[in-house]
Amino acid sequence: MKNVTIISHLTPEEWKKSWQDKVVEDTRENMRACQQKTCFWGHFSGNHDFTICHHKEFEMKGMSLGMYFNGHLEKDKKGCRITGKFGKKLSANIFLAMGLVLCIVAMFGAAVRGDHEVSIVSSILFLIFLLCYLIKPRKGQQRLLEHMEKISFDNSFHKKRPAKKPGKI
């Protein structure tokens, strides 16, 4: 997996505000509301670790084989540093691994029985599962990286002070 580092001029607090403006929080309510929209999903785990993915219209989040970016946000002398890796969802990896195992079992069972048709079909299915497991689409990685850069270099959040609350009389 490819390691990615982005150094932003935004402070971690400004970066999180930019994140909140451009990423849909990964909650049940938002999942239902945004089911028919193409957007970027994401959530923070703790204060510094986050996950982001691209959600396509009518795609079920739990069944997605799409790319995820798992990152870490830390303070830097220039602003903040975002480091992370691209990957697939754990459930997708488990599904693909189980498919590979079942194809191997089917190939050996067919070889023992001498059934060449089942052996050929399971071999082709094995190759398809293997390719889905190993290939990390560049287009998906590029889409996530461009969105991460959009979050990281948004000047509308740089050195912007929160609105002052009215004073007491």
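As a reminder, the structure under discussion sits directly above these lines.
Just so you know, these numbers come straight off a predicted model, no measurement behind them. (Residues numbered from 1 in each chain as written. Predicted model: local features only at pLDDT ≥ 70, side-chain atom pairs only at ≥ 80, totals over all residues. Heavy atoms only, no water.)

1. Some details on the pattern of salt bridges
Oppositely charged side chains may form a pair once their charged atoms are brought near each other. Applying the stated criterion to the full structure yields five salt bridges. Between K22 and D21 there is a salt bridge, and its shortest N-O distance comes to 3.5 Å. Classification of K22 by relative accessible area gives buried; the value is 18%. The partner of D76 in a salt bridge is R81, with the nearest N and O atoms 3.4 Å apart. Take D76: its relative accessible area is 16%, and that puts it in the buried class. With relative accessibility at 25%, the residue R81 sits in the partly exposed group. One connected set of salt bridges, linked through shared partners, spans D21, K22 and D154. (Salt bridge = Lys/Arg side-chain N within 4 Å of Asp/Glu carboxyl O. Buried < 20%, exposed > 50% of the residue type's maximum accessible area, 1.4 Å probe, protein only.)

2. Let's talk about helix α3 (residues 90–113)
Here α3 is 24 residues long and its end C-alpha atoms lie 35 Å apart, about the 34 Å a rise of 1.5 Å per residue gives. Along α3, the residues classified as buried are A92, L96, G99, L100, C103 and A110. For α3, the elements touching its buried residues are α4 (116–134). Positive phi shows up at G114, right after α3, with a value of about 80°. (Helix = DSSP H or I, 4+ residues; strand = E, 2+ residues; numbered from the N terminus. Expected span 1.5 Å × (residues − 1). Contact = heavy atoms within 4.5 Å.)

3. Regarding the sheet that holds strand β6 (residues 79–88)
The six strands are arranged β1-β6-β5-β4-β3-β2 in an open sheet whose pairing can be described as mixed. The open sheet terminates on both sides in strands that have one partner only, identified here as β1 (3–8) and β2 (24–25). As paired strands, strand β5 (residues 67–76) and β6 are joined by 10 bridges and run antiparallel to one another. Bridge pairing in β6 places L73 opposite I82. Running at roughly 125° to strand β4 (residues 49–55), helix α5 (residues 138–152) makes contact with β1, β3 (39–45), β4, β5 and β6 of the sheet. (Pairing = 2+ DSSP bridges. Axes fitted to C-alpha atoms, helices over the stretch in contact; angles between N-to-C directions.)

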